[in-house]
Amino acid sequence: MAQIAYVNGRYRPLRGEAVALEDRGYQFADGVYEVIKVLGGRFCDLKRHLDRLQRSLAALEIAPPMTRRALTSVLGETLRRNRLREALVYLQISRGTAPRNHVFPKRPRPSVVVTARRPAFPSPSEREQGVGVISMPDLRWGRCDIKSISLLPNVLARQSAAAAGCREAWLIDSEGQVTEGSASNAYIVDGSGRLITHPLCERILGGVTRSVVLELAQDDGIEVVERPFTLDEAYQAREAALSSTSSWLLPVTAIDGRPVSNGMPGHVVRRLMARYAAYLGVA
Ligand code: PDD
C-alpha cells in the first residue's frame, strides 16, 4: 500500500512532488516540526507535543495555520489513511512559499505536511544491553529550545555516531558540558542514585519524553537534579541514558568506547524504563 502524506489540505502519495520549490522550509529551513509516537492507534502525549509546537511557532512568528482541533483531525486522518496502529507521525510547518528573500513575506500561508510511518523503536537487545554514544562538539545555534527543521549540525553529529557504530552523538558545549544528543536528551545517574540532566534553557530541546521521565522519576522517589554535567562526569557515572519519542528511554552503556560502570544497564534506568512503558500502557 502506498504511503499517504497530508500536504497543504490534500492527502496524496508520499512519493511524488508536492512542496513548492520556493517553500521557505526547503530553501531556508524556515519552519518547525514535531515527531509524535502512536501506540495502539493512540497518539502519545499529544497535548505536550502540540503545546511545544505552539511555542516553536510563536518563537519564529509563524501564525498557527489551523486550530488545534483541525490539526488533531489531520493527524488522525493521516494515521487512518496509512492504516497504522503503531507509528511515528511527523508534522512539519514552514513559513510558506514566497519569492526567495530572507525577509519574511508579507502575508505568508504556512505549509503543513504530515506523514505517518511504521516506527523503528529500539530492539530488545538495545533495551537489555544498552547503546553506545560518542561525544561531538555542539555546533548548533543559540535557540535549540525551538524545534526547528534546521538540523544540519544534528545530522552531521548523528552521521558520525552511525559511522562509529553508535546509536547517538552526545553534544559537548564550549565548557565541556553535555547539552543533549543530536536527537534525544541525555542523562546520567550519580553514585547516590540521583538522575542528572541538563536544565531547560535555550541550549537544549525540552523533550516531551524528558518531561514525562522526570515526572515518573519524581513519583518513584528518585531524586532529579536539573544541572549541566560534564563529559568527564558522564565517563565516571554509575548509569547513563537517553530519551526521545522514537527511542523511548534507553540505557547508555558506553561513551566514546568506554563502558559506563560495568557496561550493563543499571537499576535506576531499568526501573524508569519500566515506569515509562507502564505510563504508555505497554508494560
Ligand atoms: N528528536 N533533543 C533533540 C535535539 C531532539 O531532536 C529530540 C527529538 C529530543 C527529544 O525530544 P522528544 O522526547 O520530544 O522526542 C531532544 C525527534 C524525535 C526527531 O528529531 O526525530
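Preceding this section is the structure that the text describes.
Rules used in this analysis
Residues numbered from 1 in each chain as written. Predicted model: local features only at pLDDT ≥ 70, side-chain atom pairs only at ≥ 80, totals over all residues. Heavy atoms only, no water. Near = heavy atom within 4 Å. Polar contact = N/O pair within 3.5 Å; in protein donor to acceptor, adjacent residues only side chain to side chain. Areas by Shrake-Rupley, 256 points an atom, 1.4 Å probe, with all protein chains shown as cover. Helix = DSSP H or I, 4+ residues; strand = E, 2+ residues; numbered from the N terminus. Nonpolar A, V, L, I, M, F, W, Y, C, P; charged D, E, K, R; others polar. Salt bridge = Lys/Arg side-chain N within 4 Å of Asp/Glu carboxyl O. Buried < 20%, exposed > 50% of the residue type's maximum accessible area, 1.4 Å probe, protein only. Contact = heavy atoms within 4.5 Å. Expected span 1.5 Å × (residues − 1). Arc of directions from axis to C-beta.

A.B. asks: Would you take a moment to explain the site of the ligand for this structure?
C.D. replies: Taken together, 19 residues surround the ligand, and among them Y33, E180, V208, T209 and T245 come closest. Contacts to the ligand include A183, whose backbone N or O atom sits 3.3 Å from a nitrogen atom. T245 places a side-chain nitrogen or oxygen 2.6 Å from an oxygen atom of the ligand. When the ligand sits alone it has 470 Å² of accessible area, and the protein chains cover 90% of it. Those elements that provide at least two residues to the shell around the ligand are β3 (31–39), β9 (177–181), α6 (208–219) and β14 (239–244). Residue composition of the shell around the ligand, by class: 5 nonpolar, 10 polar and 4 charged.

A.B. asks: Could you clarify how one ought to interpret the pattern of salt bridges in this entry?
C.D. replies: Side chains carrying opposite charge are able to pair once their charged atoms draw close together. For the coordinates displayed, the defined rule picks out 21 salt bridges. Between D220 and R271 there is a salt bridge, with its nearest N and O atoms 2.8 Å apart. Separated by 51 residues along the polypeptide, D220 in the loop between α6 and β12 (224–226) and R271 in helix α8 (residues 267–279) bring together distant segments of the chain. Judged by relative accessible area, R271 falls into the partly exposed class, the value being 37%. Taken together, the shared-partner salt bridges in this structure form one network comprising R55, R143, D145 and E202.

A.B. asks: Explain the side chain of S94 to me, please; I cannot follow it from the model alone.
C.D. replies: As for its placement among the helices and strands, S94 is situated in strand β5 (residues 87–94). Among the polar contacts made by the side chain of S94, one reaches the side chain of D23 at a distance of 2.8 Å. The contact partners of S94, leaving out residues within four places of it in the chain, are D23, G25, D30, G31, I62, P110 and S111.

A.B. asks: Please clarify how helix α5 (residues 152–163) should be interpreted in this entry.
C.D. replies: Residues separated by three or four positions in an α-helix point in the same direction, a consequence of the helix having 3.6 residues per turn. Its 12 residues place the ends of α5 16 Å apart at the C-alpha level, agreeing with the 16 Å of an ideal helix rising 1.5 Å per residue. Every buried residue belonging to α5 is among N154, A157 and A161, and all of these are buried. With its buried residues spanning 70 degrees around the axis, α5 presents them on a single face. When the buried face of α5 is taken as reference, the exposed residues oriented beyond 90 degrees from it are L152, L156, Q159 and A163. Those residues of α5 that are buried lie in contact with β7 (131–137) and β8 (168–172). A positive phi of about 75 degrees marks G165, the residue just after α5.

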